[in-house]
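Chain and residue survey
Spelled out, the chains give:
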Amino acid sequence: MAGSPEAAEEEAAAQSRAARSGKRAAPAGDLQPAKLSRAELYRPPTSEELSQLKETEDLFHSSLLRLQIEELLKEVTLKETKKKKIDAFLHEISSLLSAIPETPETELTDQAWLPKGVKVPFLQVPFSVKGRFRFLPPAELKVVGSYLLGTCIKPEINVDVAVTMPREIFQDKDNLNQRYHRKRALYLAHIAQHFSKEKLFGSVKFAYMNSNHLKPILLLRPQGKDEKMVTVRLHACPAPGLFKPSRFYPSKNNVRMAWFMEQSTPKQGAAEPPTPHYNNSILCDTVLLSHLHFLSSAATDFPGMKDGLALLKVWLNQRQLSKGLGCFSGFLVSMLVGYLLMKRKIVKMMSGYQVLRSTLQFLATTDLSVTGISLVKDADVSLPVLDDFHQAFEVVFVDPSGLVNLCADMTASKYHQVQFEAKRSMEILDDRMVDGFQALLMTTKPMLRTFDHVFYLKHVSKLQGACKKMQLLNELMDRGGNYVAAALPFIVSLLTRGLAGRALLVAHSLPEIPEWPIDTEPPKHKDVGPLTFGLLFVPEFAASVLEKGPQADLPEAQDFRTFWGEKSELRRFQDGSICEAVVWEADTVCQKRLIPEQIVRHLLKLHMDVPESSICYTGALLESVIRPGREVSGTGEEAMVSVVCSYDDLSRKLWNLKGLPLTVTAVQGVHPALRYTDVFPPIPMKPIYSFHAQIKTKHLLLPSEEKPCPAYIAPLTIICHMEGSGQWPQDKEAIKRIKAAFHLQLAELLQEQHHLVCRPAVTHTDVYKDGYVFRLQVAYHREPLILKEVVTPEGMLKYQDTEESRQLELETLHLPYLTSSLHGLQQQHPVFGSTCRLAKRWVSAQLLSDNISEECVDLLVAFLFLHPAPFTPPSSPQVGFLRFLNLLATFDWKNNPLIINLNAGLTDADCTEIKNKFMAARSRLPVMFIATPKDQWSSMWTQERPSAQILQRLLVLASESLRALEEQLMDPLNSQDVKMVFRPPLDLYDVLIHLNPNQIPRHLEGVDRPLKSFTRGVVKNSAAVKILFPVVDYDPVQCYLQELRDAFSDLALFFYDKHGGEVIAVLWKPLSFQPQPFKVSNVKGRMVTSLNNELVCVPNVEAILEDFEVLGQGLVKSVEARTEKWTI
């Protein structure tokens, strides 16, 4: 039984058992582990082992990368047992094919012989064509493509079979006017009709090869549970030597204008245009076998090629480059590896990883749209040269026959995208700080998360008009009437020129047509659905309002005017030159980010006749949730800048204060607005006195009970560091008093020297300036140390962290440092702040803002900008937010620390050390562990929160929100309601406390803006100096929440959206509902009942709900109990 499948399975089982027990598996037949002698155990490594170690050290950054790649290859390659099944399936197909009956000869246009159950898989436009057709069984069958080479990879196993159509069914001139293509389609239709009756097949369908309308193929899948296992693709191809190759050179014509336009007589003297794509599509069918021979000779004695191709295919799949019309297919990448082998850029000694690197390196440095490459070995004078190909095609890669361009359908833009990805991938592989394997091979790059702005051409049928306007008749003839394929290269080059300087990359999705059942009509050109375009920006120039053109008297000026149409105008510049220029309308930062949208809409309308309604631009749909008010057109960036200016001015005034006993050594802001990440930045306000009660003696205002609650005024905290001196006391209470004295004096001096209204308190001084309230807190650098002092019973003095000292260090050292680091990040990446604000708005909308600190969210977003691999750093808030959700949902928090290298303060060795220590101490560390250069071990921002349950909830919400949001954004034909991910699901909460809107000071910040709002007793600031101090930091809902938590935290959790939420959601703690023994200490919030003749305490839910209302009288509208969970 040694060679039988059972034996093989037994051996495999034995090996896996051995592997699990940590031993090497012994060969079959000898299942006893061989005992090694001492000499063997300690023998020096062989030369092969040494070279392997050396290779690991030189090539892979670590042995981990090598192991990961080996594991991945195991995952994607086909198992032997599957191969046997597939071979058996292929044999059965072969025998069925030879048994298909012949048909009598008819005219090509007379298709009545085909039964009703099958439709010709070809768009026969125009229908009339000369020629005759009959079906004869195929001359031969050959398996071609990756299956034979062993380079096909899961999840989709495709086996390509070339079915050679016998010579007898062809006539002369079959190369003209789609005659060959139609015969090919009829041939497949007849096979399909017979196969559809066979029990062998689970499904028989048609598809277009790489979505090319001229090339239908037949897809066969086995019956039953193996249906998903394999797809056999039948390609009909002509008998060898049927066509003369010289007829199909790129400069030759094979589609007659008169036939295509359905005119009876051709125009006199009109030259027929060349049809290179049409010619290429016929030539492809003639070289299937020669390509197979070329690849198999490359793959012999070259095990690394198989692995390298598997890795390259995974790389292409993750980037969505390997499917559709003009894709960079697995076959193409195989031919490229063959080319590199021929040119000795790759040698047969190389491993799979080296093949991957060499190929990416070649792609990154070679532009095939400028200098094409050819696989022809011996130059033949009669063959077309590379220049001929360059005139006919955008990207050139010629096959060994010298006739076929393998990249015929690819647009230059698509190749540039591949080139860009290859460059980026090489950078990632060379960067020791990045997990290259994860970034390159395990991360998908959908367009929505890759490009800064994405827009859709909703109705591709509009491109018919574009072809007319651009006079693309020759291209249409060449591509068999496919107006999408004809217009696409022109659209992309138009946009690339219009966005030059702003965009690094203008990419498009590949038109893809799904397979279809054999009894339905073939899909039309418009069935590719909406076309997607992606823009990747150069952050410095993407938002510039001016497009400067050539000087007015130069000949290029006319070209510039033609390109921009009526938008172009003459302008005089500061250097005295008079130039053509285009100026775009945009006032706010958020409008400037959308200038590319104006450009796209303008150019497509002007040059392509594409109406605005057909373009769906999803660059900034999400930004409405961080717009501060109805009448404001921006998204708060300007408000943030004015806060920072006011703060800078105040800090200068503090530096220069005269009359302080000690000077101010540093002024540091810690409020999120001062690092540009406050969700709704403060707006300058001045109180309206009639809305407040006044305490005359103290010049203070109080909220009035009759009026709605005044608008929320956030105090902007600033830390003032005072210089050290021997005069500072060494006692913590005394220090507090000295600080209080400083607060009083600061208020006095600011009032005297700068006429600022101040209100001192023991712990801080509030300063009203430019309509903002700044809260100054004095800090003394030795205070945390003094707070750490502990005297032991023996009278020894020792230092240990206390809760108080930790809190003080956080406020006066770490928070200012974090704020200044993130402020710096905002200067490098202009959309960092807006991305943070979207992320925090989402966390708050999910009612979780009290369970995760603002600093933690800011750091998560900073990670996306500092470690964006495999992407580029975001240049629009929307793409940043999508990646934030993806990071939350996919990061492995349990097994990895999130290392954020702020200011490049960590080295490679530091990161390794952090990871190792993290693994060693995992159980004692917070569930979400974030390490930064200044905080490598304690993860201070996630120390207390989120808890494991909250983190789990966050991950679920993030992955659901991401799915829903991408679904909305990818569906341009519907309403695209993106706010749905900011409306939290309330069904899992036990109690909802509905609040009274006129007592919610931030009511207007709600996701769905309220229809009517209340006057909040403040006006936008006027330049008043003498004013009564406004009510600061007063939010009744927060006070109410604090009371609820103080009273009921042992029984329930409370959740609230602080940005204008109208509901407080309550979740009972399951443990608190277990009956507890009757003791006086257990009675709070509980009632006594008897259970099994014992007195026990259980929560008195009715009374608690009543307490909720009593505590929030005037603020609570109603309390709604949602579940019956508390019944014991």
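Residues numbered from 1 in each chain as written. Predicted model: local features only at pLDDT ≥ 70, side-chain atom pairs only at ≥ 80, totals over all residues. Heavy atoms only, no water.

Observations regarding the sheet that holds strand 22 (residues 715-722)
The strand order 18-22-25-24-23 describes an open sheet built from 5 strands, whose pairing is mixed. Every other strand in the sheet has two partners, leaving strand 18 (664-669) and strand 23 (757-760) as the edge strands with one partner each. Adjacent strand axes in the sheet meet at a mean angle of 25° when their direction is disregarded. Strand direction decides the pairing type here: strand 24 (residues 765-769) and strand 25 (residues 772-779), joined by 5 bridges, are antiparallel. Residue Val767 lies in a different strand from strand 25, and its bridge partner there is Phe774. The sheet strands contacting helix 25 (residues 732-754) are strand 22, strand 23, strand 24 and strand 25, and the helix crosses strand 25 at an angle near 140°. (Pairing = 2+ DSSP bridges. Helix = DSSP H or I, 4+ residues; strand = E, 2+ residues; numbered from the N terminus. Axes fitted to C-alpha atoms, helices over the stretch in contact; angles between N-to-C directions. Contact = heavy atoms within 4.5 Å.)

As for the sheet that holds strand 16 (residues 578-583)
Taken in spatial order, the 3 strands line up as 14-16-15 in an open sheet, and their pairing is antiparallel. For this open sheet the edge positions go to strand 14 (546-551) and strand 15 (568-572), each flanked by a neighbour on one side alone. Along the sheet, successive strands turn relative to each other by an average axial angle of 40°, direction set aside. With 5 bridges joining them, strand 15 and strand 16 adopt antiparallel strand pairing. Pairing of Arg571 across the sheet is with Cys579, part of strand 16. Together, strand 14, strand 15 and strand 16 form the strand contacts of helix 21 (residues 556-564), whose direction differs from that of strand 14 by roughly 145°.

So, the side chain of Ser413
With respect to the element layout, Ser413 can be found in helix 15 (residues 412-430). Ser413 sits in the buried class, given a relative accessible area of 9%. Filtering out sequence-adjacent residues up to four positions away, Ser413 remains in contact with Val492, Val506, Ala507 and His508. (Buried < 20%, exposed > 50% of the residue type's maximum accessible area, 1.4 Å probe, protein only.)

Overview of the nonpolar core
If you look at the biggest cluster of nonpolar residues, it comprises 162 residues, and the most contacted ones within it are Phe195, Leu234, Phe328, Phe397, Leu463 and Leu604. Those residues within four positions of Leu604 in sequence are excluded, and the remaining contacts are Phe455, Ile491, Leu494, Leu495, Asp609, Val610 and Ile615. Formed by 78 residues, the second largest nonpolar core is a distinct cluster that contains Val454, Ala845, Val857 and Phe891. (Core = buried A, V, L, I, M, F, W, Y, C linked by side-chain atoms within 4.5 Å.)

Section: the pairing of strand 4 (residues 158-164)
With 7 of 7 residues buried, strand 4 is to be regarded as a mostly interior element. Neither face of strand 4 is exposed, since Asn158, Asp160, Ala162 and Thr164 on one face and Val159, Val161 and Val163 on the opposite face are all buried. For strand 3 (residues 140-144) and strand 4, the ladder comprises 5 bridges, and the chain directions are antiparallel. Looking at strand 4, one finds that Val144 is bridged to Asp160. The pairing of strand 4 with strand 7 (residues 231-237) spans 7 bridges and is classified as parallel. In the sheet register, Val159 faces strand 7, and the bridge partner there is Val232.

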